[in-house]
Structure formats: C-alpha cells, structure tokens
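Residues per chain are reported as follows:
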Amino acid sequence: MQSQASVAEIRPENYRFLQEHVYSQVGIVLEEDKHYLFECRLAPIVRQLGLNTIDDLCTFLKGNCQTEVGRQVVEAMTTNETYFFRDPAQYEAIRSVLLPRLMEERQQTKKLRFWSAAASTGQEAYSLAMLLIAQGLSDWDVRILGTDFSSQVLERARSGKYQQIEVNRGLPASLLVKHFRQSGTEWQLSEPVRRMVSFETIDLRNSMHGLGPFDLVFCRNVMIYFDAGTKKSILEELHRTMFGGAWLLLGGVETAFGVDEWFERQTVQNATVYVAR
Ligand SMILES: C[S@@+](CC[C@H](N)C(=O)[O-])C[C@H]1O[C@@H](n2cnc3c(N)ncnc32)[C@H](O)[C@@H]1O
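Since this is a predicted model, take the numbers as computed values, not measurements. (Residues numbered from 1 in each chain as written. Predicted model: local features only at pLDDT ≥ 70, side-chain atom pairs only at ≥ 80, totals over all residues.)

## Quick look at the overall build of the protein chain
On a plain count of helices and strands, the protein chain comes out with 11 helices and 10 strands. The globule rule puts the C-alpha radius of gyration for 277 residues at 19 Å, and the 20 Å found for the protein chain is close to it. Expressed as lengths along the three principal axes of its C-alpha atoms, the size of the protein chain is roughly 65 × 50 × 30 Å. By the burial criterion, 38% of the 277 residues in the protein chain qualify as buried. (Helix = DSSP H or I, 4+ residues; strand = E, 2+ residues; numbered from the N terminus. Rg over C-alpha atoms; globule rule 2.2 N^0.38 Å. Buried ≥ 20, exposed ≤ 12 C-beta atoms within 10 Å, placed from the backbone.)

## Concerning the sheet that holds strand β3 (residues 161-163)
The strand order β3-β5-β4 describes an open sheet built from 3 strands, whose pairing is antiparallel. The two strands at the open ends of the sheet, each matched to only one other strand, are β3 and β4 (180-183). Ignoring which end each strand starts from, the neighbouring axes of this sheet average 35 degrees apart. As defined by bridge partners, β3 adjoins strand β5 (residues 186-189) across 3 bridges and the pair is classed as antiparallel. The residue of β5 that forms the bridge with Lys 161 is Gln 188. (Pairing = 2+ DSSP bridges. Axes fitted to C-alpha atoms, helices over the stretch in contact; angles between N-to-C directions.)

## As for helix α5 (residues 88-105)
Given 3.6 residues to a turn, an α-helix orients residues that are three or four positions apart in the same direction. Given a rise of 1.5 Å per residue, 18 residues ought to cover 26 Å, and the 25 Å separating the end C-alpha atoms of α5 matches this to within 8%. For α5, the complete set of buried residues consists of Gln 90, Tyr 91, Ala 93, Ile 94, Leu 98 and Leu 102. Residues of α5 that are buried sit in contact with β1 (111-117), α6 (123-134), β7 (214-219), β8 (242-250), β9 (263-268) and β10 (271-276). (Expected span 1.5 Å × (residues − 1). Contact = placed C-beta atoms within 7 Å.)

## Re the domain arrangement of the protein chain
For interface size, the figure often reported is the accessible area lost on association. Taken domain by domain, the protein chain holds domain 1 (7-76) and domain 2 (88-276). Here the C-alpha centre of domain 2 lies 31 Å away from the C-alpha centre of domain 1. When grouped by side-chain class, the residues that make up the side of domain 1 that touches domain 2 number 3 nonpolar, 1 polar and 1 charged. (Domains from an automatic or database assignment. Nonpolar A, V, L, I, M, F, W, Y, C, P; charged D, E, K, R; others polar.)

## Section: the packing of helix α1 (residues 12-26) against helix α3 (residues 54-62)
With their axes 10 Å apart at the nearest point, α1 and α3 run at an angle of 55 degrees to one another. With respect to α3, the element α1 is oriented oblique. Here α1 and α3 pass one another in a crossing that is left-handed. The segment α1 lies against α3, with Asn 14, Phe 17, Leu 18 and His 21 engaging Ile 54, Asp 55, Cys 58, Leu 61 and Lys 62. The class makeup of the residues in the contact of α1 with α3 is 5 nonpolar, 2 polar and 2 charged. (Parallel < 35°, antiparallel > 145°, perpendicular 65-115°, else oblique. Left-handed = near helix turned anticlockwise from the far one by under 90°.)

## Some details on the site of the ligand
In the region of the ligand, 23 residues are neighbours, and Thr 82, Ala 118, Ser 120, Phe 149 and Arg 220 sit closest. Per-class residue counts for the shell around the ligand are 7 nonpolar, 9 polar and 7 charged. Looking at which domains feed residues into the shell around the ligand, each of domain 1 (7-76) and domain 2 (88-276) supplies at least three. (Near = placed C-beta within 6 Å.)

## Let's talk about the pairing of β4
Sheet topology note: the β4/β5 ladder contains 4 bridges and is antiparallel. From the neighbouring strand, Phe 180 faces β5, where its bridge partner is Leu 189. Taking the residues between adjacent antiparallel strands as the criterion, β4 and β5 are bridged by 2 residues, where Gly 184 takes a positive phi near 65 degrees.

## So, the sheet that holds β7
With mixed pairing, the 7 strands of this open sheet are ordered in space as β6-β2-β1-β7-β8-β10-β9. Two strands lie at the open edges of the sheet, namely β6 (197-201) and β9, each paired on one side alone. Across this sheet, the average inter-strand angle for adjacent strands is 25 degrees, counted without regard to direction. With 4 bridges connecting them, β1 and β7 associate as parallel partners. Bridge assignment links Trp 115 to a residue of β7, and that residue is Val 217. Relative to the sheet, helix α7 (residues 151-159) contacts β2 (141-148) and β6, its axis offset from that of β6 by approximately 165 degrees. Each of β7, β8, β9 and β10 is contacted by helix α11 (residues 228-240), which is oriented at about 140 degrees to β8, the strand it contacts most.

## Some points on the pairing of β2
Judged by how many residues are buried, β2 sits mostly within the fold: 6 of 8 residues are covered. With 7 bridges connecting them, β1 and β2 associate as parallel partners. Following the sheet pairing, Ser 116 is matched in β2 by Gly 146. The parallel pair β1 and β2, bridged by α6, forms a crossover whose chirality is right-handed. Where β2 meets β6, 5 bridges bridge the pair, whose relative direction is parallel. Across the sheet, the residue bridging to Asp 148 is Thr 201, located in β6. (Right-handed = clockwise from strand over helix to strand, strands pointing away.)

Below, the structure written as structure tokens:
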C-alpha cells in the first residue's frame, strides 16, 4: 500500500519554503496555521509523483520551482470556491440601479464592458451574462471578460459544463431550465450565454495595461488572500481599467481601505459598491 503524505513530516524550513513559493507565484499569504491545508491539498501531488511525504515534494520542488509541479502546488493551495449569483444583493443592485443608468448613458454606442477578475470556474461571469440577457440587451454589444491566475479553472469555465451540485448552488430553477441542458451527469450552458463571455489567464499582480475601460468590475473573494501592499497596488491598477462612475464589487468580507483617492464607497440598496472616481 502507498504511504500517505503526513503533515508531521513537513519540516519548519519546508513549511516556510511552501509559504514563500505560493506567495512568490500568486501573491497568496498562507499563515502559520495552514498545516491541514497543505496536508490535504498536497497529498495527491505527493502520491502522483510516487513520493512519500510533503518533505520529499519540497526537496523535489527546490530545484524545480518553475515547473508544472511548481504550478500544480500553487493551484492546489488556491481556493477556487465560487457559485452562481453569489452575494445576490450585488446582482440586484446591478439589475435595478447600474444597468438602467448604463442603458441611458450608453444609448449612442450601445456598448457595455464587464470584467470578472478572479473568475474561477466562471459562475460569476455567467451569472452576470444571464442577468444581462434577462434585461433584453440583444441589440447591444455586450462583453464580459473572465480572468484568473489558474488556467485549470478557466478551462472548466470555458467548457460551460457544471455538475448537479454546482447548479444547485445559487442558480434559480427558472434559469437552469432556460439556459442549461442536461448532458449525462453534467449541465451544459447554452451558446448564447457562453458567447457573451471570454476567458483569459491574468495574474492580478501584473500590469493591467490594455484592459478596459470597464463599466463594472467584480474582484470578489480574492483580495482576502493578499497582503496590504499587494491589495493596494491591485486596487490602483483596477481603477485604471474603469470608466469614471464604474462600479467595483468586492467580496462580502472584503473592504478597500486607503483607496479614497480612486474609489468612493457607497451603499446601493443592500450592496456595498466602490464607485471609480
Ligand atoms: C475564491 S475564488 C473567487 C471566485 C469568484 N470571484 C467568487 O467570488 O465567487 C478566488 C480565485 O482567485 C484566483 N486568484 C488567486 N490569486 C490570483 C492572482 N494573483 N491573480 C488572479 N487570480 C488569482 C484563484 O485562482 C481563484 O480562482
């Protein structure tokens, strides 16, 4: 029987090495108390490589950080949780406040641009697409960009295929019936919704030159993993990609402090929005 990778075998210097590896590759800060995470997420990689312990994996990685295994380790340590219409108050504010305003302001160009930064497996971008379709924007030029560091999650996002458990989370039954068809054990999202969204691999810590301008940016449930300096420089870059008056939406537990220069925090109905100055 193959031996299990045991957390007991992560030496302190290897724990630090893994923290530094993940931080340098993706900017995520993993605290001292994440041993259990390392254990359950790295054990499959350890076994796949025919190694015995996470310490062995570290020894292998030390000379091979920039390899596929190095990337697999980072992807394994990244939280990809997402679901349809997460934080419904934000979607309601978009539907009832932002969209009517944009539809008036963009009457001439009939062009709208949205960005789901840290899109994970695509539920956020596709929720917005379904919401926009319901607003009857069929003669408008509407595009949603979904980006993420991880090409693995984006591959799934592009496929538009979801498991039963995923469509059970947050997606109203009416939208499931309208936009998906069952295909074996999965649900396939319809072409009209998929066509509105394109996905690209982008590390949020890199320059965002050439992106935008956007009318709305989702950057939700990713900032919590960054340190204050990284957060601030990402918010500054995001601001550069946005029209004045565009909305930035963060995750429920995230806040943007010290960015008054770029954003004004407002409460719109039950949602907190950061309006680009
Ligand atoms: C918890 S998910 C959030 C998904 C979605 N925004 C939501 O709120 O439901 C966080 C995502 O951030 C991505 N991520 C982490 N660090 C990143 C970085 N430096 N650049 C781009 N994406 C990153 C991860 O790959 C992951 O898919």
